[in-house]
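So you can see what is in the structure, the chains are spelled out below.
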Amino acid sequence: MEKFGYFLLIVFYALAINFSLSEVEVFYPDGLLILLFASGLLMLFVKVLNERINNKEDNYYSKEIDK
């Protein structure tokens, strides 16, 4: 899942560079670029959240160590 999120972000930046360098004045596929960027960030956020929930060491320290 992490690799797929990174892949979507790479595709987003590759398309953004391609469209900005091609001297096209009208930027048509902005909806596609936003979708790729948002889905890549969402996949990476879900990965981080999943790792935090399943990490027993973090759970132990958050419950046992004095604050």
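Worth saying up front: this structure is predicted, and the values here are computed from it rather than measured.

Parameters at a glance
Residues numbered from 1 in each chain as written. Predicted model: local features only at pLDDT ≥ 70, side-chain atom pairs only at ≥ 80, totals over all residues. Heavy atoms only, no water. Salt bridge = Lys/Arg side-chain N within 4 Å of Asp/Glu carboxyl O. Helix = DSSP H or I, 4+ residues; strand = E, 2+ residues; numbered from the N terminus. Buried < 20%, exposed > 50% of the residue type's maximum accessible area, 1.4 Å probe, protein only. Patch = residues over 30% accessible without salt bridge, like charges linked within 9 Å, V, L, I, M, F, W, Y side chains within 5 Å. Areas by Shrake-Rupley, 256 points an atom, 1.4 Å probe, with all protein chains shown as cover. Phe/Tyr/Trp six-rings, centres within 6.5 Å; stacked < 30°, edge-to-face > 60°.

Student: Hey, could you run me through the pattern of salt bridges in this one?
Tutor: Should the charged atoms of two oppositely charged side chains come close, the side chains can pair. Scanning the entire structure with this criterion turns up one salt bridge. Between Lys47 and Glu51 there is a salt bridge, with its nearest N and O atoms 2.5 Å apart. Taken together, the positions of Lys47 and Glu51, both in helix H2 (residues 30-53) and four residues apart, correspond to about one turn of that helix. For Lys47, a relative accessible area of 18% gives the class buried.

Student: Hey, could you run me through a nonpolar patch on the surface in this one?
Tutor: A cluster of nonpolar side chains, contributed by Met1, Leu42, Phe45, Val46, Leu49 and Ile53, occupies part of the molecular surface with about 600 Å² of accessible area. The residue Ile53 is located in helix H2 in this model. For Ile53, a relative accessible area of 54% corresponds to the exposed category.

Student: How should the packing of aromatic side chains be read in this particular structure?
Tutor: Aromatic ring pairs are reported here in terms of the distance separating the ring centres and the angle at which the planes meet. Following the criterion strictly, the structure yields two aromatic pairs and no others. Centroid distance Phe4 to Phe7: 6.5 Å. Interplanar angle 25 degrees. Geometry classified as stacked. Of the two residues, Phe4 and Phe7 both sit in helix H1 (residues 2-21), three residues apart, roughly one turn of that helix. Here Phe7 falls in the partly exposed class, since its relative accessible area comes to 47%. Taking the centre distance of 4.8 Å and the plane angle of 70 degrees together, the rings of Phe12 and Tyr13 count as edge-to-face. Residue classification places Phe12 among the buried residues on the basis of a relative accessible area of 16%.

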